[in-house]
Amino acid sequence: MKKQITILILALITGVIFCGAVSAADGTWNIETVDSTGNVGVDTSLALDNNNNPHISYYDETNGDLKYASYDGTQWNIETVDNTGNPDYYTSLALDNNNNPHISYMDGTNRDLKYAYNDGTWHIETIDTAGAVGFFSSIALDSDNNPHISYYVSDPYYDLKYAYWDGTQWNIETVDSGNAGAYTSLALDNNNNPHISYYNWDIGDLKY
């Protein structure tokens, strides 16, 4: 009798574990077309707001524009952020505490690092113009919602650079040199200190 009870308990436990595994693996991907007006969707960056609604920055290759799509819980809303006709590559998006978007990107014609944010109106700033700058940008916001950006300079120095707004002005630093800094990714810790992962072209290594 004890043996039968033991077998029954084991069977029930196994069934629960098995059902849980099936349930966890039974998720379905939902795929939507957000924007189909031309050749759009290059260099996307995704962030979720406080309600877990998605926000996406991306490049409109047909028109050379920086675009931004946000889901409000009911529908997608699409805006053109920078429509100067210049290619706007390497977008990176972050949302502040008020769910306002902040985007770093490269002006592909002038090869400058640019930054756009929306507080009800879009504001656009050029951050760095020293050479061909702004490749592979990555943006993060600190505890005061100030933007920090890592990016790569392809000419003339081939460096990893870092720009941040201190509440008064932009500060720009060279972090690493020697063909280092491609494919950057930036995160800030609890003390607002920057951490950057990136690739070194010359030696083919991941660096941090």
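Remarks on the sheet that holds strand S7 (residues 112-118)
At step 1: With antiparallel pairing, the four strands of this open sheet are ordered in space as S5-S6-S7-S8. Two strands in the sheet have a free side with no partner beyond their single neighbour: strand S5 (88-95) and strand S8 (122-128). The average angle at which neighbouring strand axes cross in this sheet is 20°, direction not considered.
At step 2: Here six bridges tie S7 to S8, and the two strands are oriented antiparallel to one another. Counterpart to Lys114 in the pairing with S8 is Thr126.

Here we look at the sheet that holds strand S10 (residues 147-155)
At step 1: Spatially, the four strands line up as an open sheet ordered S9-S10-S11-S12, and their pairing is antiparallel. Pairing within the sheet leaves two strands with one partner each, and these edge strands are strand S9 (132-141) and strand S12 (170-176). On average, each strand axis in the sheet is tilted by 25° relative to the strand beside it, whichever way the strands run.
At step 2: In this sheet, S10 lies alongside S9 in antiparallel orientation, the contact comprising seven bridges. Note on S10: the bridge partner recorded for Ile139 is Ile149.

Criteria and cut-off values
Residues numbered from 1 in each chain as written. Predicted model: local features only at pLDDT ≥ 70, side-chain atom pairs only at ≥ 80, totals over all residues. Heavy atoms only, no water. Pairing = 2+ DSSP bridges. Helix = DSSP H or I, 4+ residues; strand = E, 2+ residues; numbered from the N terminus. Axes fitted to C-alpha atoms, helices over the stretch in contact; angles between N-to-C directions.

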